[in-house]
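Analysis of the macromolecular model
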4 protein chains.
Amino acid sequence: MTEKRLSPWKKQLHDIIYEADTPMGKLFDVVLLILILLSVIFVMVESVGGLHQEVYDLLYVGEWIITIFFTLEYIARVITVKKPSRYIFSFYGIIDFLSTIPLYLSFILVGSNYLLTVRALRLLRVFRILKITRYIGESNKLKRALLHSRAKIFVFLFAVLIVSVIAGTLMYLIEGAESGFKSIPVSVYWCIVTLTTVGFGDIAPVTPAGQLLATIIMILGYGIIAVPTGIVSAEYAKSDDYVHVNTQSCPNCNAPKHRDDAKYCHKCGQLLNPEKHS
Amino acid sequence: MTEKRLSPWKKQLHDIIYEADTPMGKLFDVVLLILILLSVIFVMVESVGGLHQEVYDLLYVGEWIITIFFTLEYIARVITVKKPSRYIFSFYGIIDFLSTIPLYLSFILVGSNYLLTVRALRLLRVFRILKITRYIGESNKLKRALLHSRAKIFVFLFAVLIVSVIAGTLMYLIEGAESGFKSIPVSVYWCIVTLTTVGFGDIAPVTPAGQLLATIIMILGYGIIAVPTGIVSAEYAKSDDYVHVNTQSCPNCNAPKHRDDAKYCHKCGQLLNPEKHS
Amino acid sequence: MTEKRLSPWKKQLHDIIYEADTPMGKLFDVVLLILILLSVIFVMVESVGGLHQEVYDLLYVGEWIITIFFTLEYIARVITVKKPSRYIFSFYGIIDFLSTIPLYLSFILVGSNYLLTVRALRLLRVFRILKITRYIGESNKLKRALLHSRAKIFVFLFAVLIVSVIAGTLMYLIEGAESGFKSIPVSVYWCIVTLTTVGFGDIAPVTPAGQLLATIIMILGYGIIAVPTGIVSAEYAKSDDYVHVNTQSCPNCNAPKHRDDAKYCHKCGQLLNPEKHS
Amino acid sequence: MTEKRLSPWKKQLHDIIYEADTPMGKLFDVVLLILILLSVIFVMVESVGGLHQEVYDLLYVGEWIITIFFTLEYIARVITVKKPSRYIFSFYGIIDFLSTIPLYLSFILVGSNYLLTVRALRLLRVFRILKITRYIGESNKLKRALLHSRAKIFVFLFAVLIVSVIAGTLMYLIEGAESGFKSIPVSVYWCIVTLTTVGFGDIAPVTPAGQLLATIIMILGYGIIAVPTGIVSAEYAKSDDYVHVNTQSCPNCNAPKHRDDAKYCHKCGQLLNPEKHS
């Protein structure tokens, strides 16, 4: 079975939209980038309020122009790939769709709560900004380090959550509703605010016992803030000068710590036991 | 003297409760996990307040069902181990007991302050959440790193406490009660809030001298926040799962990244070039 | 073509102003340093307010004396270099110019808003403090580490900004204007305040949904605070001033801590025991 | 000239007071430790206020007993060392003196402001807690790491101060007195509160321009919080498995990176050039 082929003009359009190596491809990406930024700024400016009606009209027209451009771009992206479904359900395919649809939806959902719904839906267009990350190629090592330490960070955050639930419950019992600890969920929220050293101060303990417990929570938070940092630092330090070793030992010379992918002993050249090699 | 043996059905129950390798053991653990989470959510929801009486009744029934299940589980855990005392006084034995008992205690402690006491005791059941950690096996390395740096972190936190006591006393002398520094303990509390960079803002210096001292405390805190991080990072870097490799490649199969002390290629068993080995 | 030569007295002045090796050069630098610090303190004291008119007069005279000294210094710096344009458009050339000009500008800009404009312009003279950094030679390694990790930190901060824009928009939709989230830009500002663990508390979520999202933002911020630290730590660890040593000791002089690849003792020149060398 | 000798009973007392190897020495240290802690707790409790007169009388008696013990201890420390001046002007000699004197001074300084002066002086006795650190021997490595990175941390903190002065001045110009930025020193104080991620919230920007500048300051603070951590982490990673090497090369085999104290080449055993050896 032969592969489905794209027609020549589709292939040309594909190179412009998906690649940035040709002058046209570069121009397309820069224009797209500027439009994304403009669109985000438009949404932000609109939310500020207190502007003249003319400005709102201008923003409205501007958003429509950008939405139409994004619509055409979305259609072009779909028709210029061999397997459209692969693009549509990819991360950026979904982001592209979500950042195009809100303005159109404002026509379908008519009624009394018309304006508010539209505004809320249009705000989702801020997700369009995620497109920008596509144009940065240097974030790979950062991403890899985060992925490698993902499991460890998860375990750590889980431990933080458990500590927060218990400490939050104790704070609720000690402080009570008068000082802002209205319920256990609110106390847990306060506890995370404190453990992460954010400390808004909208809720703060006032009783000596509550302040003592808060002190313990903060000292604890100060002591454990080191953990995720240590994890990522170690992950970074394990650059490609280091390889992972396992606990198997050579059947001939008993040398330990072989590379995970080692077939022969690095000390005596003996073939290592393959079934131990996992 | 021969060891005490468990009867067959006890051994089978032991495998289900304590291990998670059989299908039944897995199912038991999943059910237990869900019940623990439900129980914690019940306690939280109850503390929020402002709900219908029916919801409270439902929560009450739900808590009784969970408590009965936990009671049966606790009894099963005790009778299916060879030395029950070892389980009962272990960390999880105590946690299991504390998370089962509160609801029963609400019958014994009758009187005018009945309801409040019950609520307070039932809140202790949140400790049941600690059981969850048992099901995570990946936290070992994290635990080891923390244990190794325990002594250093203790010395560090002790130094932080001394600095807080002295700086807190000075702040009390400088600021006085008007700006919230009511007593030395409160000032020490404020000092820890500041050193740990939490900064609630419920107490804040208002005099120039107080703000100058606060600045010094913060700069100090900023300078020393590095210390626990450095300790844990160094502890992680000392991981013995990794060895240093060099850039020599095998003369036979060209495999790169050999251990510094490797004599033979780990891939093909070829004797490595000794003069390249430096 | 021969190079333009400076006349002898210009060369002497150049050595005094630009270098700190001669006694006169050292004296000049110390005097300059004191004047810069005095000038910054004058600007600060003036801004405090509530002082006697005599103090303001004294500050005014003091600032004029310092400004005249800085003017002469600036002229001397310009005429004693071979290529004046190179100095004028260098980092310190611009700083020196900006720290001299404000007081003169107060004569040109006469009018009703005279005093305020002057004060604002004079405040720019605080940039003069940047001159101090010139006298510290130890900041090179710090600068290099920051420059090397510049790209990574930029990518990281960019990701933080995108997260802030999206999370800020969601907070604006959830919380609304009553709890301080007046517009998307303000919500994004709050989001950065939270992610960076500053947490002023002037704006804080009050709805359960808002507090839940805030919790997620804080946990996220706590998890990713490790990233820039890890980057800089790794950059520092890559210092080539250090080599790995092992625990073997010289068979002749017993000196410990030899390089991993050492063949001879660094202390007595004795051939080291080769089979111990692993 | 022969050394001055201590009489036998003085030598015995010296062993008890200054050393902790004999049972009597250990007992003395433990009693001293408890008295120091009691004294600090007394000062703290007294500052809380709102207690019965009997409690104050008890605290007063307790403080006198501790002060007399400390006086005897101080005299014993002075007479049992060969060179008393060395002890008196050492760090702990001064601390010991400062923690003994306040209660006696309350007799000399009689007058109307009698009580307040006494209280202020007595609060200085909190410095007595510093004695505790003497009994911890594990803090050496921590101290060494901090001392090694002292210069780097100083340069870093100096840079933070300059940024704070400039950013504080700009915030004062943008925000003005209404939102709490009353003067440049207060703005600099706020700037350090923000850069160190403490964020009290007693002062917070309200204008869009001020919030934008605050955002930049926070992002900056978030980016540079990594620097001191990186410094200390790197200092820790350079544990005693690593030695410092210099750039001299062997005159015979040209091998580089010799240990700072190396006399012979580690590669060929050649005597290294001694005048290059610095």
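Each remark here, short or long, concerns the structure printed above.
Residues numbered from 1 in each chain as written. Chains lettered and ligands numbered in written order. Predicted model: local features only at pLDDT ≥ 70, side-chain atom pairs only at ≥ 80, totals over all residues. Heavy atoms only, no water.

This paragraph deals with the pattern of salt bridges. All names here are of chain A. Per the counting criterion, the structure on display carries 4 salt bridges over all chains. One salt bridge in this structure joins Arg 77 and Glu 73, with 2.6 Å as the shortest N-O distance. Highlighted residues: Arg 77 and Glu 73, both in helix H3 (residues 53–79), separated by 4 residues, approximately one helical turn. (Salt bridge = Lys/Arg side-chain N within 4 Å of Asp/Glu carboxyl O. Helix = DSSP H or I, 4+ residues; strand = E, 2+ residues; numbered from the N terminus.)

Looking now at the interface of chain A and chain D. A common way to report how large an interface is uses the accessible area buried once the components associate. At the interface, 5 residues of chain A touch 5 residues of chain D. Contact between chain A and chain D buries roughly 190 Å² in total, counting both sides, with carbon and sulfur atoms accounting for 21%. The interface formed by chain A and chain D includes 0 salt bridges. The interface formed by chain A and chain D includes 0 residue pairs in polar contact (both at pLDDT 80 or more). Looking at side-chain class alone, the side of chain A that touches chain D contains 2 nonpolar, 3 polar and no charged residues. (Contact = heavy atoms within 4.5 Å. Buried area = accessible area lost by both parts, 1.4 Å probe. Polar contact = N/O pair within 3.5 Å; in protein donor to acceptor, adjacent residues only side chain to side chain. Nonpolar A, V, L, I, M, F, W, Y, C, P; charged D, E, K, R; others polar.)

All names here are of chain B. With 12 residues, helix H10 (residues 184–195) should cover 16 Å at 1.5 Å per step; its first-to-last C-alpha distance of 16 Å lies within 8% of that length. The buried fraction of H10 is high, at 11 of 12 residues. Where H10 is concerned, the buried positions are Ile 184, Val 186, Ser 187, Val 188, Tyr 189, Trp 190, Cys 191, Ile 192, Val 193, Thr 194 and Leu 195. At the C-terminal side of H10, Thr 197 shows a positive phi close to 60°. (Expected span 1.5 Å × (residues − 1). Buried < 20%, exposed > 50% of the residue type's maximum accessible area, 1.4 Å probe, protein only.)

Relative to the assigned elements, Thr169(D) resides in helix H9 (residues 150–175). A relative accessible area of 2% means that Thr169(D) is categorised as buried.

A word on the relation of the copies chain A and chain D. For the pair chain A and chain D, the best superposition has an RMSD of 0.1 Å and corresponds to a rotation of 180° with a translation of 0.0 Å parallel to the axis. In symmetry terms, the pair is related by a two-fold rotation axis. Both copies present the same face, since 100% of the interface residues in chain A are matched by interface residues at the equivalent positions in chain D. (Least-squares fit on C-alpha atoms with pLDDT ≥ 70 in both.)

By size, the foremost hydrophobic cluster in this structure holds 116 residues, and its most contacted members are Trp190(A), Trp190(B), Trp190(C) and Trp190(D). In contact with Trp190(C), not counting residues within four places along its chain, are Phe200(A), Met171(C), Phe181(C), Ile203(C), Ala204(C), Pro205(C), Ala214(C) and Ile217(C). (Core = buried A, V, L, I, M, F, W, Y, C linked by side-chain atoms within 4.5 Å.)

Residues and elements named next belong to chain A. Direction vectors running N to C along helix H2 (residues 23–48) and H3 enclose 140°, while the axes themselves pass 10 Å from each other. Accordingly, the angle class assigned to the pair H2 and H3 is oblique. Crossing handedness for the pair H2 and H3: left-handed. Listed contacts from H3 to Phe 28, Val 31, Leu 32, Leu 35, Ile 36, Leu 38, Ser 39, Phe 42, Val 43, Val 45 and Glu 46 of H2 are Tyr 56, Leu 59, Gly 62, Glu 63, Ile 66, Phe 69, Phe 70, Glu 73 and Arg 77. (Axes fitted to C-alpha atoms, helices over the stretch in contact; angles between N-to-C directions. Parallel < 35°, antiparallel > 145°, perpendicular 65-115°, else oblique. Left-handed = near helix turned anticlockwise from the far one by under 90°.)

Turning to helix H1 (residues 8–18) of chain B, a few remarks are in order. Residues and elements named next belong to chain B. For H1, the full list of buried residues reads His 14, Ile 16 and Ile 17. Mapping the buried residues of H1 onto a view down its axis gives an arc of 165°, with all of them on the same face. Within H1, the exposed residues directed more than 90 degrees away from the buried face are Pro 8 and Gln 12. Among the structural elements, helix H2 (23–48) and helix H3 (53–79) are those in contact with the buried residues of H1. (Arc of directions from axis to C-beta.)

The next thing to look at is the packing of aromatic side chains. Scanning all chains against the criterion turns up 23 aromatic pairs over all chains. Among the aromatic residues, ring-to-ring pairing joins Phe28(A), Phe69(A) and Phe70(A) into one connected group. (Phe/Tyr/Trp six-rings, centres within 6.5 Å; stacked < 30°, edge-to-face > 60°.)

What follows is about the environment of Tyr87(A). Residue and element names in this part refer to chain A. Structurally, the position occupied by Tyr 87 is in helix H4 (residues 84–88). Judged by relative accessible area, Tyr 87 falls into the buried class, the value being 8%. When near neighbours in sequence (up to four residues on either side) are disregarded, Tyr 87 contacts Tyr 18, Tyr 74, Arg 77, Val 78, Val 81, Tyr 92, Gly 93 and Asp 96.

Right, let's get into the environment of Ser47(A). Following the sequence through the fold, Ser47(A) ends up in helix H2. Between the alpha carbons of Ser47(A) and Met24(A) there is a distance of 35 Å; along the sequence they are 23 residues apart.

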